[in-house]
Amino acid sequence: MSHTTALHGSAKEDILQSLYNQFTIDDQRLFKITQTFLSEISDGLSSYGRPMAMIPTFVNGVPDGSETGTFLALDLGGTNLRVCEVTLLGDKTFSLRQQKYKVSEALKTGEATTLFDYLADSVDAFLTDTPSQDYDSHVSHADEDSPYVPLALTFSFPVEQSALDSGVLLTWTKGFSAKNAIGKDVVKLLQDAFDRKHIHVKCVALVNDTVGALLSRAYTSGGCILGAIFGTGTNGAYVEEVSKITKLSQNHTVAAGGEMIVNTEWGAFNNSRSALPTTPYDNKLDRESINPRFQAFEKFISGMYLGEITRNVILSLIDAAPQPLLFGGRSSVPLNKQWGLDTAVLSEIEEAWEGLGKFSPPEQGSPEAQKAEKLRRIQGILAHRLELSPPDISLADADIVRQVCNLIASRAARMSGTAVAAILVHTGRARLWVRGEQSSAGLKDEGKRIGVGVDGSLVEFYPNFQTKLRASLRALVGPEVESRVDIGMAKDGSGAGAALCALVAQKQSQANHTNGAYEYDHKDIKVTPPIEVAYISSLSR
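Residues numbered from 1 in each chain as written. Predicted model: local features only at pLDDT ≥ 70, side-chain atom pairs only at ≥ 80, totals over all residues. Heavy atoms only, no water.

- The name recorded for the chain in an unreviewed UniProt entry is Phosphotransferase, from Suillus discolor.
- The annotation that UniProt attaches to the chain under Sequence similarities (unreviewed entry) is "Belongs to the hexokinase family."
- Here the chain is described in UniProt, under the heading Pathway (unreviewed entry), as follows: "Carbohydrate degradation; glycolysis; D-glyceraldehyde 3-phosphate and glycerone phosphate from D-glucose: step 1/4." (UniProt positions renumbered as here; feature names shortened; annotations may be inferred.)

Right under this line is the structure:
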C-alpha cells in the first residue's frame, strides 16, 4: 500500500503547525458547511437521484411509549447481524432477546443471494434454537391458512423506499459490495430467501438504523424529532412535513398531508467536497477506498475511517524529510497495512490522556510528572496495539500521536454538529446564529425541549465527542436553542425501532385490507393473542 507523500520541512514545529491548521475547523467554516447542508437537503427533497438522497420512509407515526406488542427484528449493518425478539411493554420500556451472527468478508463481497440466504438461515436458527415465550400470530390475506411471524428488517444501507415494506438498494457502504443487489428490492431479496427455504416469516417493514434510533428514542423519552448515528458510519433521520417532500407529488401520500420520517443519507453529503475541509490524507483514504468519491461526509467523521486518516498522518511523520518526526523513522506491520489502525486505538489513547475508562488519573505530582505518566501509558498502547518496539517510542513521539488523534477526532465531532444544526434550521427550530442575538421568537417548538436520539460507538464511547459536537452546535444555532436540545442515547434503535415499524406495518396492512384509511393512534395499536414460538418454529421447517 503506497504511503502518503512524506512531509518536508526545516522545523518539526512548522510541520506540526501545518497539521494543526489543516485539521482545525473555525466557526466560519462550520457555517459554510451548514449552509451547504441546507442546500443539499432542499435538493434531495425536491428531486430523486441526489447524493444526499432524502429518502421518504413512509413511516408517519412517532411513538410516545404507550405502544405494546412482540415482534422480530433482523438487523444488518456491519460486521455482525442480529436477530432480535422485542417486546414493547407500553410504559416507555421494552424487553429484548437477541442472537448475533458473524457476517464474513466472503458474504459481504459475494453473491447477494448467498448473503440473503444466510440472513434467512440466521432467523430460522434463532426461532429454532432459542425458545421464546410468546409470539403474535398473523395470517396472510392472500392465503388464510398460512400464519407467519412478522419481521422488520433494519437495513443500514442507502435504499430508495417506495413503501414501508419495499426499497431498492442504491449503493453498498461499510465495506459491503455483494454482487447483483444494487437496484433490487432488498425486502424481496430477503422474502425470496425465506420462501426458498420454506421459513414462515414475512418481512413487513424496511427500517434504516437511523430511523430506528429516532423511533426508539421517541418511545423511551416520549418524543424525538431527529435520530442520528455517529459510529462505524453516520446518518440522520428526522420528522418532516409531507408537503415539503415535493418529489412525492405524484404519490397518494401527499394528499393525506401530515408528517413523515425522512432518511437523509447524510453520509453522502457534499460528495463534490466543495465545502468539506479536505486534506491530502483524506484524499488518499478516498482514493484507496472501495467507493472513491462517494460517502464523502462519512469519510470525515465516522469510526470506520478516523483510524485510517490517523494512520496516513502517522506514516507521513515517520517518512518526513530531512529527518523523521516519529519513532526514529521506523514503522510496523499494522501501520503499513491499510485499515491497520482501528479507531478504537485513538479512543484508548485519548482515554489514557484524560484519565478515563480503565485509566485512573495520575497520582499527585507536578504537572510535568503527571503529563509524563500519561505519555508513558500512551507509549504502552502504541507498543501493544501498533506492534512498535518500545525503545523506538519516545515520550515526545507519544505526545505527537496523542495530538494527532485529538485533532482528527475533534474535527469529526465539530463537523457532526453541522448535520444536527442543519436539521434544526431546516425544520424551523433554529436559525443560524449571529453572536449577540438570543431571541427564539417565531421558532417551532419555541422554548420547548428538542429531542435528538443518537447511537453509535463514537458518540457513546469516544472521549469528549458529544461535548465537542455540542460546542459546534452552540456556535451554529446559539446557546439558547442548544440548551434545549436533549441529546440522548437511543436504546437499541435497530431492534426496538424496527419492532415499532413492524407494529405500524401491521396496522397499515389491516387498514388496507378493509379498504379503510388508517391514522396513527398510539392507544389503538395493540397485538392479538399470542401463540407459542414452538408452533411457529415447527412451521419454519
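Let us keep going from here.
## Here we look at the packing of aromatic side chains
- Applying the stated criterion across every chain yields a total of 13 aromatic pairs.
- Cluster of aromatic residues (ring-pair linked, three or more members): Phe37, Phe230, Trp266, Phe269, Phe297 and Phe465.
- A cation over an aromatic ring shows up here: lysine 374 above the ring of tryptophan 353, its NZ or CZ 5.0 Å from the ring centre.
- When the ring centre of phenylalanine 94 is taken as reference, the NZ or CZ atom of lysine 491 above it lies at 5.2 Å. (Phe/Tyr/Trp six-rings, centres within 6.5 Å; stacked < 30°, edge-to-face > 60°. Lys NZ or Arg CZ within 6 Å of the ring centre and 35° of its normal.)

## Examining the pattern of salt bridges
- Under the defined criterion, the tally for this structure stands at 29 salt bridges.
- Its salt-bridge partner being lysine 444, residue glutamate 259 comes within 3.9 Å of it at the nearest N-O pair. Taken together, the positions of glutamate 259 in strand β13 (residues 259-263) and lysine 444 in the loop between α14 (395-426) and β14 (450-455) put the pair 185 residues apart, joining distant regions of the chain.
- The exposure class of glutamate 259 is partly exposed, given its relative accessible area of 39%.
- On the basis of relative accessibility, which here comes to 29%, the residue lysine 444 falls in the partly exposed class.
- Lysine 358 is paired through a salt bridge with glutamate 348; the nearest N and O atoms lie 3.2 Å apart. Of this pair, lysine 358 sits in the loop between α12 (343-354) and α13 (367-385) while glutamate 348 sits in helix α12, placing them ten residues apart in sequence.
- Owing to a relative accessible area of 65%, lysine 358 belongs among the exposed residues under this scheme.
- The exposure class assigned to glutamate 348 is buried, which follows from its relative accessible area of 12%. (Salt bridge = Lys/Arg side-chain N within 4 Å of Asp/Glu carboxyl O. Helix = DSSP H or I, 4+ residues; strand = E, 2+ residues; numbered from the N terminus. Buried < 20%, exposed > 50% of the residue type's maximum accessible area, 1.4 Å probe, protein only.)

## Quick notes on helix α6 (residues 209-221)
- Its 13 residues give α6 an end-to-end C-alpha distance of 18 Å, which sits within 8% of 18 Å, the value for a rise of 1.5 Å per residue.
- By the criterion of burial, α6 is predominantly enclosed, with eleven of the 13 residues buried.
- Those residues of α6 that fall on the buried side of the exposure criterion are Asp209, Thr210, Val211, Gly212, Ala213, Leu214, Leu215, Ser216, Arg217, Ala218 and Tyr219.
- Between a side-chain oxygen at the N-terminus of α6 and the backbone nitrogen of threonine 210 the separation is 2.8 Å; the capping residue is asparagine 208.
- Phi for glycine 222, located one or two positions after α6, is positive at around 90 degrees. (Expected span 1.5 Å × (residues − 1). Polar contact = N/O pair within 3.5 Å; in protein donor to acceptor, adjacent residues only side chain to side chain.)

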